[in-house]
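Observations on the three-dimensional arrangement
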Amino acid sequence: MTTIRRFCCNDLLRFASVNLDHLTETFNMSFYMTYLARWPDYFHVAEGPGNRIMGYIMGKVEGQGESWHGHVTAVTVAPEYRRQQLAKKLMNLLEEISDKIDKAYFVDLFVRASNTPAIKMYEKLGYVIYRRVLRYYSGEEDGLDMRKALSRDVEKKSIIPLKRPVTPDELEYD
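Residues numbered from 1 in each chain as written. Predicted model: local features only at pLDDT ≥ 70, side-chain atom pairs only at ≥ 80, totals over all residues. Heavy atoms only, no water.

We apply this condition: UniProt positions are given in the numbering used here, feature names are shortened, and annotations may be inferred rather than shown by experiment.
The chain appears in an unreviewed UniProt entry as N-terminal acetyltransferase B complex catalytic subunit NAA20 from Durio zibethinus. The chain has a UniProt comment under Sequence similarities (unreviewed entry) that states "Belongs to the acetyltransferase family. ARD1 subfamily."

Listed below in structure tokens is the structure:
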């Protein structure tokens, strides 16, 4: 039985094994604590039998006007728990909070351009590639900014792809 619940401080000491995937960005402790304090509604963990952490999602809400949006900072599932739709459940939860509680126009995320399995998963969840961000990851690998329009964006303006790539310093938000 899997339980999805809010992330808590104690989880910071228990989730390292989930971050072992080479495609998962790992942050310092203060980064996680900032998200936990500022956007607790956007930080959840999937927990399995024996209180094992199976995966987590962390995000935030940001922007102004029609750029008001939910952002997926990280979503990851431990290799032994993949292909069970945990990432989909975690993404749906963040989208629901962004849509119904914060009334965001869209949800966005960044993914390595080489991470084909993740890109395909996001596309199945309704995300589109909005733009390419040159050298987004460590100044080396390009990232893809993917977006999914929410109910407030009736005309789906937020997901009209840009025609040219951008650089990290051109991004509106961190």
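**A look at the UniProt feature "domain: N-acetyltransferase" (unreviewed entry) in the chain**
Rules: Elements are defined by DSSP. Helices are runs of H or I of four residues or more, strands are runs of E of two residues or more, and each kind is numbered from the N terminus.
Under the feature "domain: N-acetyltransferase" (unreviewed entry), the UniProt entry names residues 2–151. Its end C-alpha atoms 28 Å apart, residues 2–151 is made of 23% helix and 36% strand.

**Considering a nonpolar patch on the surface**
Our working rule: Each patch is built from residues that are more than 30% exposed by relative accessible area and take part in no salt bridge. Like charges join if they lie within 9 Å; nonpolar side chains (Val, Leu, Ile, Met, Phe, Trp, Tyr) join within 5 Å. Throughout, the Shrake-Rupley method with a 1.4 Å probe supplies accessible areas, and for residues the shown protein chains are the sole cover considered. Whenever a carboxyl oxygen of Asp or Glu lies within 4 Å of a side-chain nitrogen of Lys or Arg, that contact is scored as a salt bridge. For every residue, the accessible area (1.4 Å probe, protein chains only) is compared with the maximum for its type, and the residue is labelled buried under 20%, exposed over 50%, or partly exposed between those bounds.
A surface patch of nonpolar side chains, about 310 Å² in accessible area, is lined by Leu13, Met29 and Met33. Among the secondary structure elements, Met29 is positioned in helix H1 (residues 29–38). Met29 gets classed as partly exposed once you look at its relative accessible area, which sits at 43%.

**Examining the pattern of salt bridges**
Think of it this way: side chains of opposite charge can pair up when their charged atoms draw near. Summed over all chains, the structure comprises 14 salt bridges. Of the charged contacts in the structure, one is a salt bridge between Glu62 and Lys60, with a shortest N-O distance of 3.4 Å. Pair check on accessibility: Glu62 and Lys60 agree, each one buried. In this structure, Arg112 and Glu141 form a salt bridge, with 3.0 Å as the shortest nitrogen-oxygen distance. Of this pair, Arg112 sits in strand E5 (residues 106–112) while Glu141 sits in strand E7 (residues 141–149), and the two are 29 residues apart along the sequence. Through salt bridges with shared partners, one network takes in Arg5, Asp11, Arg14 and Glu47.

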